[in-house]
Amino acid sequence: MRSLLRCEIDETRYVALLSNLLMIYSALEPALDRNAAHPVLSRIAHPAIRRAAALRADLSALKGGDWRESDAIVSATVAYAKRIEAIDLACPQLLLAHAYVRYLGDLSGGQVLKRVVSSNPMLKTPVPVAFYDFGDATTTASLAKTFRTGLASVVLSPLDEDAVVAEAKLAFELHITLFNEL
Ligand code: HEM
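### Some words on the nonpolar core
With 56 residues, the main nonpolar core has Tyr 14, Leu 32, Ile 84, Leu 95, Tyr 103, Val 117 and Tyr 132 as its most contacted residues. Of all the secondary-structure elements, those providing two or more residues to this core are α2 (11–34), α3 (52–63), α4 (75–90), α5 (95–107), α6 (109–118), α7 (137–152) and α8 (158–181). Per-element accounting of this core gives the leading share, twelve residues, to α2. Discounting chain neighbours no more than four positions away, the residues touching Tyr 103 are Tyr 25, Leu 28, Glu 29, Leu 32, Ile 49, Arg 50, Arg 51 and Phe 147.

Right, dumping it as structure tokens:
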């Protein structure tokens, strides 16, 4: 992330980042779809925040037709996707943690990254940034607000709350491993 902020990321590494994020969203978003009626997950189900399609658009813009979703995937991402598949089956409400870490991150710091990536001299302009694009600032802020309101309306037992917080910490740790591998 520091290299990204310092515009030290070239196209190969940018493509690798987007490819690995695509694998994470390709596990997360169908799991959220399957659980759209779940009493907890229905609170944060907003199609407008989904990212997989935007990531595919950016990868196609960067690589034309010459890319496969399996390109440049690191082991941390495989482990991350496996974790999402496991909780989807065993305890779907824990998906809330992964939706929080990804979507609220994209709707927050992601807007800073969008500006930084767009002006990165190591990347061909215009740099595809559909992944970071949720619309204008007002729309982006309202999506973030809606997500936070949904999150705040979730009712869980203290034990389940602790499990969701622990899962969010795990999600951050998985990202640290992913970024170190990248
Ligand atoms: C260099 C990269 C990053 C920058 C500059 C950045 C910056 C920010 C900023 C400014 C906020 C808003 C804080 C607020 O509203 O009080 C934020 C929130 C957040 N970021 Fe990051 N961020 C970065 C990377 C990440 C990454 C890699 C993740 C997850 C993998 C992430 C997840 C989050 C989450 C979940 C929030 C919402 C926190 C909350 O209000 O509960 N961020 N980030």
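Here the narrative resumes, following the displayed structure.
### Some details on the environment of Arg 43
Relative to the helices and strands, Arg 43 is located in the loop between α2 and α3. On the basis of relative accessibility, which here comes to 37%, the residue Arg 43 falls in the partly exposed class. With 111 residues separating them in the primary sequence, Arg 43 and Val 154 have C-alpha atoms 6.8 Å apart. What Arg 43 contacts, discounting residues up to four positions off in sequence, is Gly 150, Ser 153 and Val 154.

### Side note on the site of the ligand
Near the ligand you find 14 residues, and of these Tyr 100, Gly 105, Gly 109, Arg 148 and His 175 are the closest. Separating an oxygen atom of the ligand from a side-chain N or O atom of Arg 148 is a distance of 2.8 Å. Here the element with the most residues in the shell around the ligand is α5; it accounts for five residues.

### Some points on the pattern of salt bridges
In the structure shown here, the tally under the stated rule is six salt bridges. Ionic pairing is found between Asp 106 and Arg 102, a salt bridge with its closest N-O pair at 2.8 Å. Taken together, the residues Asp 106 and Arg 102, both in helix α5 and four residues apart, mark about one turn of the helix. Given the relative accessible area of 10%, Arg 102 is considered buried. One salt bridge connects Asp 133 with Lys 114, and the closest N-O pair in it is separated by 3.3 Å.

### Points about the packing of aromatic side chains
Scanning all chains against the criterion turns up three aromatic pairs. With a centroid separation of 5.9 Å and 65 degrees between ring planes, the pair formed by Tyr 25 and Phe 131 is classed as edge-to-face. Taken together, the residues span a long stretch of sequence, with Tyr 25 in helix α2 and Phe 131 in the loop between α6 and α7 at a distance of 106 residues. Three or more aromatic residues link up through ring pairs in this structure, and these residues are Tyr 25, Tyr 103, Phe 131 and Tyr 132.

Calculation criteria
- Residues numbered from 1 in each chain as written.
- Predicted model: local features only at pLDDT ≥ 70, side-chain atom pairs only at ≥ 80, totals over all residues.
- Heavy atoms only, no water.
- Core = buried A, V, L, I, M, F, W, Y, C linked by side-chain atoms within 4.5 Å.
- Buried < 20%, exposed > 50% of the residue type's maximum accessible area, 1.4 Å probe, protein only.
- Helix = DSSP H or I, 4+ residues; strand = E, 2+ residues; numbered from the N terminus.
- Contact = heavy atoms within 4.5 Å.
- Near = heavy atom within 4 Å.
- Polar contact = N/O pair within 3.5 Å; in protein donor to acceptor, adjacent residues only side chain to side chain.
- Salt bridge = Lys/Arg side-chain N within 4 Å of Asp/Glu carboxyl O.
- Phe/Tyr/Trp six-rings, centres within 6.5 Å; stacked < 30°, edge-to-face > 60°.

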